[in-house]
Amino acid sequence: MSRVLDIVLAGIGLVLAAPLLLIAAVAIKLDSRGPVIYRQRRVGKGGQQFEVYKLRTMRLGADPVGVGTPVLEDDPRVTRVGGLLRRFSLDELPNLVNVLRG
């Protein structure tokens, strides 16, 4: 039952967030080169790897040099649009896809 609820709520969340995601995607493309979605491999439950999806907030090729490299408030790697997306945690919206994928 819990999984069904997760799928329903994530689906509703994606539908409701779709206009905002579209606006964010256009803003990212206008602000900097590169893909709109940032993908990163992470280790999840039971040690299984999965991909995390986020809206890209950093300049292309600006991946942190190590695990846990902090992103400071005025970090030059963060784009103008990226700063706004991070401030309101909008960069995390694509993670609803991970909920749907299980």
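Residues numbered from 1 in each chain as written. Predicted model: local features only at pLDDT ≥ 70, side-chain atom pairs only at ≥ 80, totals over all residues. Heavy atoms only, no water.

Right, let's talk about the pattern of salt bridges for a bit. A full pass over the atoms with the stated rule returns four salt bridges. Between Arg-39 and Glu-51 there is a salt bridge, and its shortest N-O distance comes to 3.5 Å. On the criterion of sequence distance, the pair formed by Arg-39 in strand S1 (residues 37-43) and Glu-51 in strand S2 (residues 49-55) is long-range, its members being twelve residues apart. On the basis of relative accessible area, Arg-39 is assigned to the exposed category, the value being 54%. Here Glu-92 makes a salt bridge to Lys-54, at a shortest N to O gap of 3.2 Å. Residue Glu-92 is found in the loop between helix H2 (80-87) and helix H3 (96-101), and its partner Lys-54 is found in strand S2; the two are separated by 38 residues along the sequence. (Salt bridge = Lys/Arg side-chain N within 4 Å of Asp/Glu carboxyl O. Helix = DSSP H or I, 4+ residues; strand = E, 2+ residues; numbered from the N terminus. Buried < 20%, exposed > 50% of the residue type's maximum accessible area, 1.4 Å probe, protein only.)

Formed by Leu-14, Ala-17, Leu-21, Ala-24, Ala-25, Ile-28, Val-36, Leu-55, Val-81 and Leu-85, the largest nonpolar core amounts to ten residues. Elements supplying a minimum of two residues to this core: helix H1 (2-31) and H2. Top element by residues in this core is H1. It accounts for six residues. In contact with Ala-24, not counting residues within four places along its chain, are Leu-55 and Leu-85. (Core = buried A, V, L, I, M, F, W, Y, C linked by side-chain atoms within 4.5 Å. Contact = heavy atoms within 4.5 Å.)

All right, on to H1 then. At Ala-18, H1 shows its largest bend, some 50 degrees, and a proline, Pro-19, comes one to four positions later. Among the residues of H1, Ala-10, Leu-14, Ala-17, Leu-21, Ala-24, Ala-25, Ile-28 and Asp-31 are the ones counted as buried. Tucked inside the fold, the buried residues of H1 contact S2, H2 and H3. (Bend = angle between axes of the 7 residues up to and from the residue.)

What follows deals with the pairing of S1. Two faces belong to every sheet, and in a regular strand the side chains alternate between them. One ladder, built from seven bridges, connects S1 with S2; its direction is antiparallel. Paired with Ile-37 across the strands is Leu-55, a residue of S2. In sequence, S1 turns back onto S2 through a hairpin of five residues, with Gly-46 there showing a positive phi of about 70 degrees. (Pairing = 2+ DSSP bridges.)

The geometry of H1 relative to H2 is characterised by a closest axis approach of 8 Å and an angle of 150 degrees between their N-to-C directions. Judged on the interaxial angle alone, H2 and H1 are roughly antiparallel. On the side of H1, the interface is formed by Ala-24, Ala-27, Ile-28 and Asp-31, while H2 contributes Arg-80, Val-81 and Leu-85. (Axes fitted to C-alpha atoms, helices over the stretch in contact; angles between N-to-C directions. Parallel < 35°, antiparallel > 145°, perpendicular 65-115°, else oblique.)

When the pLDDT values of the chain are averaged, the result is 88; 94% of them are 70 or greater. Per-residue pLDDT, averaged within each element of the chain, yields its smallest value for S1 (87) and its largest for H1 (95). (pLDDT = per-residue confidence, 0-100.)

Let us now look at a nonpolar patch on the surface. Taken together, Met-1, Val-4, Leu-5, Val-8, Leu-9, Ile-12 and Leu-16 make up a surface patch of nonpolar side chains, about 770 Å² in accessible area. Within the fold, Ile-12 resides in helix H1. (Patch = residues over 30% accessible without salt bridge, like charges linked within 9 Å, V, L, I, M, F, W, Y side chains within 5 Å. Areas by Shrake-Rupley, 256 points an atom, 1.4 Å probe, with all protein chains shown as cover.)

In this section: the environment of Glu-92. Judged by its relative accessible area of 33%, Glu-92 is partly exposed. Spatially, the C-alpha atoms of Glu-92 and Val-8 are 18 Å apart, while their sequence positions differ by 84 residues. Of the polar contacts made by the side chain of Glu-92, one reaches the side chain of Lys-54; its length is 3.2 Å. (Polar contact = N/O pair within 3.5 Å; in protein donor to acceptor, adjacent residues only side chain to side chain.)

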